[in-house]
Amino acid sequence: MAHSARRDSPELPDFSLLKRLARDQLIYLLEQQHEVDKLYKVEYKPIVSTSDQLCFLIRPRIQTVKWIYVANADKAAGRFRRYKIIFTPQKFYACEAVLEEQGIFGDVTTDEWAFYLLPLDDDIISLELPEFFRDNFLAGDQRWVRTAGSALHLLHTVYGPFSKIHGIGRFSKMAYESWREQVEEGETKARQAEIGKVFLIDRDVDYVTPLCSQVVYEGLVDDIFRIKCGCVEFGTDVTSSDKRVKVMLNSQDKVFDEIRNEHFSNVFGFLSQKAKNLQTAYDKRRGMDIQQIKTFVSEELKGLKQEHRLLSLHIGASESMMKKKTKQDFQELLKTEHSLLEGFEIRECITFIEEHINRQVSMIESLRLLCLLSITENGLLPKDYRSLKAQYLQSYGVDHLLTFANLKQSGLLVEQQPGETLTVMESKVGKLVNDKAAGKLTDAFSSLAKKSHFRALSKKLNLVPKSDEEYDLRVPRDMAYIFSGAYVPLSCKLVEQVLERDGWTGLEEVTRLLNGHEFSVTAKNDAQRIVLVMFLGGCTFSEISALRFLGRERGYKFIVVTTAITNSSRLIETLLDNHA
């Protein structure tokens, strides 16, 4: 089932080198701390240890630094110990200010572990900074931008030099400038480039894609079971036993590798065929002589058993997902999403969202649908905004008022300003229809008449294929397959268009609708067909699947670097009023 790549597709660089570099540096830092006897998870509670030295390995988060109050507790007890804090990937002044505030700055030594990049698979690298989205796109805290620039610099140093850098978005431009500064400050060694072009993109350039339900296998697994650092924990409903199982999901799992990018509707058929093939391989033992059985046991049996174990888990996961999605009226949900993307039956969509809120199906899902409605319609009509907000607060509690403020601040859920979407002719028509009986008609007309940025972008870039055309999900014709043929992800379409044009020429209207901040810089001429796409603010597994499809079609290999893996739930959760 895994689609074969074009013969001229290049080989990906070996990113295990990044792990070795990080490991060696950590060993060097820890060797300075002699006789490390125990590891503790940093929590807000006393550390019980008889050791005379304590070493903390933490992210540079203010809350975490506040938990390190053990030095003051030791002082009060008249005990002397040495304390060291290793910040990863770097330390910030704000953290040192907290230590000073607590009166322990002079008692603590600090260091940095420059662990910027965690390879999750052959073509996925994460900075594991889920807070990047909230800090930058909500709070305006830009400290992580330099971290992104440093990560880019590390890749440039080890696998560069890059031939061309494209980007769009405010933070992408800042990360690029940070990287340029670091390149100019350091030494440049001539070496064979393993990465060609680089494309940087801010998450807020495309909010629609992460708000859509994922229907490729890997995306669905992430939506339902939550993949963390490339690892997923399957419960007893999947394992068919009383034990939970943790599984690494990457290309080493051959069953997973063949279905990860597939539309979920194709997965059961593949797994069924795989089970039959596996049984046939087992049945080969019949009629073997002693020597053949010995060869079979030593060369094939172990691999077959491993494949059988993985196959059982993925069948179990697929069955579990199918049950859960059927329970939540998934088809009806997808129909509503597709209508929002196409801009049809908006009133029916609003009614569906109202029912979703009032039935209290899911607090996060309701917010996701509200945000998708807002983004695709360029904001909600004031009366709709007030009504939907009131219904949500009534269903889930008034303590979510701040959540609405956060969603508004980040541009995910906004109210239209009077007169910003209707043309002069539409306004005149609206005034003519002013009797109570025709009021609903006016509202429906106004809602459908939006000339939103998403609608304009969708038309310009052909993001929504014609719904009257049959779409065969078994043989995808474009990247829209990741959303059942309903929508080509904007982020990936931009990558495709810029690579085709070798820049932003001809896309001026598109960049204007996206509020600009686009750039293209040529560093050197090179035909290297390995493209690094860096998402600032998170990317979804669906987008990764779309880029893999694009790569197979065009003879590219894509490397996805992201501040974190995201999905609709994670995106919304980071903006909840109680998010720490």
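Predicted, not measured: the structure shown is a model, and the values here were computed from it.

Asks: Requested: an account of the side chain of Glu496, with residues and values cited.
Replies: Note on placement: Glu496 falls in helix α22 (residues 490-501). Under the relative-accessibility criterion, Glu496 is labelled buried at 9%. Discounting chain neighbours no more than four positions away, the residues touching Glu496 are Met479, Leu550 and Arg554.

Asks: Quick one: what's the story with the packing of aromatic side chains, residue by residue and with numbers?
Replies: All told, the structure shown has 19 aromatic pairs when counted by the stated rule. On the numbers, 5.0 Å between centres and 70° between planes, the contact of Phe15 with Tyr159 is edge-to-face. Remark: Tyr159 occurs in helix α6 (residues 143-159) and Phe15 occurs in the segment before α1 (16-31); sequence separation between them is 144 residues. Residue classification places Tyr159 among the buried positions, given a relative accessible area of 1%. Each ring, one from Phe264 and one from Phe268, has its centre 5.9 Å from the other, and the planes form 65°; the classification is edge-to-face. Residue Phe264 and its partner Phe268 are both found in helix α12 (residues 264-283); the two are separated by four residues, about one turn of the helix. An aromatic cluster of at least three residues, connected via ring pairs, comprises Phe133, Phe137, Phe171 and Tyr207. Just above the ring of Tyr556 sits the side chain of Arg529; from NZ or CZ to the centre is 4.4 Å.

Asks: Run through the packing of helix α16 (residues 363-376) against helix α17 (residues 382-396), naming residues and quoting values.
Replies: Running from N to C, α16 and α17 point in directions that differ by 170°, and their axes come no closer than 11 Å. On the basis of the axis angle, α16 is roughly antiparallel to α17. Of the residues in α17, those in contact with Met363, Ser366, Leu367, Leu370 and Leu373 of α16 are Leu388, Tyr392 and Tyr396. Class assignment for the residues of the contact of α16 with α17 results in seven nonpolar, one polar and no charged.

Asks: Hey, could you go over unusual backbone geometry for me, with residue numbers and the actual values?
Replies: Residue Pro89 follows Thr88 across a cis peptide bond; omega there is 5°. Take Pro89: it is sitting in the loop between β2 (82-87) and α4 (93-101). With a phi close to 50°, Glu128 is a non-glycine residue in the positive phi region. Not every positive phi belongs to a glycine, and Cys229 is a case in point at roughly 50°. Following the sequence through the fold, Cys229 ends up in the loop between α9 (217-225) and β8 (231-234).

Asks: Tell me about the side chain of Thr209, and name the residues and values.
Replies: Residue position: Thr209 is located in helix α8 (residues 208-211). At a separation of 2.5 Å, a polar atom in the side chain of Thr209 contacts the side chain of Asp206. In contact with Thr209, not counting residues within four places along its chain, are Arg203, Phe483, Tyr487, Pro489, Leu490, Thr540 and Glu543.

Asks: Before we move on, can you summarise the pairing of strand β3 (residues 108-112) with the specific residues and values?
Replies: When β2 meets β3, the two strands line up parallel, connected through five bridges. Within β3, the residue paired with Phe87 across the bridge is Glu112.

Asks: I'd love a proper account of helix α7 (residues 170-185), names of residues and values included.
Replies: What sets the pattern is the α-helix's 3.6 residues per turn: residues three or four places apart point alike. Here α7 is 16 residues long and its end C-alpha atoms lie 23 Å apart, about the 22 Å a rise of 1.5 Å per residue gives. All buried positions along α7 are accounted for by Phe171, Ser172, Ala175, Tyr176, Ser178, Trp179, Gln182 and Val183. When α7 is viewed along its axis, its buried side chains cluster within an angular range of 160° and face the same direction. Opposite its buried face, α7 presents the exposed residues Glu184 and Glu185, each directed more than 90 degrees away.

Asks: Residues and numbers for the sheet that holds strand β7 (residues 197-202), please.
Replies: Taken in spatial order, the seven strands line up as β4-β5-β12-β11-β7-β6-β10 in an open sheet, and their pairing is mixed. For this open sheet the edge positions go to β4 (118-121) and β10 (518-522), each flanked by a neighbour on one side alone. Along the sheet, successive strands turn relative to each other by an average axial angle of 20°, direction set aside. In terms of strand pairing, strand β11 (residues 530-536) meets strand β12 (residues 557-562) through six bridges, oriented parallel. Within β12, the residue paired with Phe535 across the bridge is Thr562.

Asks: Please set out the pattern of salt bridges residue by residue, giving values where relevant.
Replies: As enumerated under the stated definition, the model contains 32 salt bridges in all. The shortest N-O distance in the salt bridge between Glu543 and Arg203 comes to 2.9 Å. Here the residue Glu543 occupies a position in helix α24 (residues 541-554), and Arg203 occupies one in the loop between β7 and α8, the gap between them amounting to 340 residues. Here Glu543 and Arg203 have matching classes, each one buried. Residue Glu496 is joined to Arg554 by a salt bridge in which the shortest nitrogen-to-oxygen separation is 3.3 Å. Pair noted here: Glu496 is in helix α22 and Arg554 is in helix α24, with a separation of 58 residues, a long-range link. Among the charged side chains, a network of salt bridges with common partners joins Asp121, Asp123, Glu218, Asp257, Arg260 and Arg548.

Calculation notes
- Residues numbered from 1 in each chain as written.
- Predicted model: local features only at pLDDT ≥ 70, side-chain atom pairs only at ≥ 80, totals over all residues.
- Heavy atoms only, no water.
- Helix = DSSP H or I, 4+ residues; strand = E, 2+ residues; numbered from the N terminus.
- Buried < 20%, exposed > 50% of the residue type's maximum accessible area, 1.4 Å probe, protein only.
- Contact = heavy atoms within 4.5 Å.
- Phe/Tyr/Trp six-rings, centres within 6.5 Å; stacked < 30°, edge-to-face > 60°.
- Lys NZ or Arg CZ within 6 Å of the ring centre and 35° of its normal.
- Axes fitted to C-alpha atoms, helices over the stretch in contact; angles between N-to-C directions.
- Parallel < 35°, antiparallel > 145°, perpendicular 65-115°, else oblique.
- Nonpolar A, V, L, I, M, F, W, Y, C, P; charged D, E, K, R; others polar.
- Polar contact = N/O pair within 3.5 Å; in protein donor to acceptor, adjacent residues only side chain to side chain.
- Pairing = 2+ DSSP bridges.
- Expected span 1.5 Å × (residues − 1).
- Arc of directions from axis to C-beta.
- Salt bridge = Lys/Arg side-chain N within 4 Å of Asp/Glu carboxyl O.

All quantities given are derived from atomic positions and should not be read as evidence of function.
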